[in-house]
Amino acid sequence: TLVKEAQINDKRETITLSISDTVGWKKEFDLYRQLEINKAINVDSYRVEDHKDPSSNLMIREYTATKDLPVVYLKVYYNKHIQDVKKIEGLFHEANALYTSERYLTMEFDRIKNEPMILSYTSVGGQKMFMGDSVNYSVTTSMTYP
């Protein structure tokens, strides 16, 4: 079950959803696929650093763009081993002649019944049209499991 809280400018709404098929889940996570940096074209386009998170006991593998790319950075927070991911965080920036858009994306994980599971995910961002208004939004989704 998903509980989504969305806000666009000053308007806020909360809904509860149940997604039971892979098509629904694929659509739900399409936005997060934009953080994909493992493409052949991106070889040598990101600086990779591992360091300790100063505010927790986790490690961070940080990928930072070394040139102008849509994925500005991607951080993978993990516990001892990179396979034990606890959080993913990234910044996606897009600009063209019509608009500028920026999205800060996070996804948090934990083990439930000894299996890695998504706990929550968030998208916060905005869009500025060339000759129009700005739109700011946030969507926070939390998941519960049976």
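Scroll up to find the structure.
Description of the structure in this document. Starting afresh in each chain, residues are numbered from 1 along the sequence in its written order. Residue-level local features of this predicted model are given only where pLDDT is at least 70; pairs of side-chain atoms are given and counted only at 80 or more, and the full residue set underlies all totals for whole chains, interfaces and linings. Where side-chain values are given, they derive from all heavy atoms of the structure, hydrogens and water being excluded.

A word on the nonpolar core. Counting residues in each nonpolar core, the largest one holds 20 residues, and the members touching the most others are Tyr-46, Met-107, Ile-118 and Tyr-121. Each helix is a run of H or I in the DSSP string that is no shorter than four residues. Each strand is a run of E no shorter than two, and both are numbered from the N terminus. Elements represented by at least two residues in this core include exactly β4 (59–65), β5 (71–79), β7 (99–112) and β8 (115–129). In contact with Ile-118, not counting residues within four places along its chain, are Phe-29, Met-107, Glu-108, Phe-109, Met-143 and Tyr-145. Residue types Ala, Val, Leu, Ile, Met, Phe, Trp, Tyr and Cys, when buried and joined through side-chain atoms within 4.5 Å, form a set referred to as a nonpolar core. Exposure classes here rest on a 1.4 Å probe applied to the protein chains alone. A residue is buried below 20% of its type maximum, exposed above 50%, and partly exposed in between. Any two residues having at least one pair of non-hydrogen atoms within 4.5 Å are treated as being in contact.

Throughout this description, the term salt bridge denotes a Lys or Arg side-chain nitrogen within 4 Å of a carboxyl oxygen of Asp or Glu. This model, assessed by the stated rule, comprises 10 salt bridges. With a shortest N-O distance of 4.0 Å, Glu-94 and Arg-103 are connected by a salt bridge. Judged by its relative accessible area of 30%, Glu-94 falls in the partly exposed class. What you see here is one network of salt bridges that share partners, running through Lys-75, Lys-87 and Glu-89.

Let us now look at the side chain of Thr-122. Summarising the element assignment, Thr-122 is placed in strand β8. Of the residues examined, Thr-122 reaches a relative accessible area of 19% and is grouped as buried. Look past the residues within four positions of Thr-122 in its chain and what remains in contact with it is Tyr-32, Tyr-104, Leu-105, Thr-106, Val-139 and Thr-140.

By this definition, two strands are paired if DSSP reports at least two bridges between them. Where strand β1 (residues 2–8) lies against strand β2 (residues 11–17), seven bridges are found, and the strand directions are antiparallel. Each residue of the ladder has a partner; that of Lys-4, found in β2, is Ile-15. Linking β1 to β2, which pair antiparallel, is a turn of two residues; within it Asn-9 sits at a positive phi near 50°. Sheet topology places β1 next to strand β9 (residues 134–143); seven bridges connect them, and they run antiparallel. The partner of Glu-5 across the bridge, within β9, is Thr-140.

To continue, consider the sheet that holds β2. The sheet built from nine strands is open, its strands ordered β2-β1-β9-β8-β7-β6-β5-β4-β3 with antiparallel pairing. Two strands bound the open sheet, and with one partner strand each, they are β2 and β3 (46–52). Adjacent strand axes in the sheet meet at a mean angle of 15°, parallel and antiparallel pairs treated alike. Both β5 and strand β6 (residues 81–95) contribute to a ladder of eight bridges, which runs antiparallel. Of the residues in β6, the one forming a bridge with Val-71 is Phe-92. Between N-to-C directions, angles cover 0 to 180 degrees, with each direction set by a line fitted to C-alpha atoms, over the stretch in contact for helices. Helix-sheet contacts for helix α1 (residues 22–29) involve β1, β7, β8 and β9, and the interaxial angle to β8 is about 50°.

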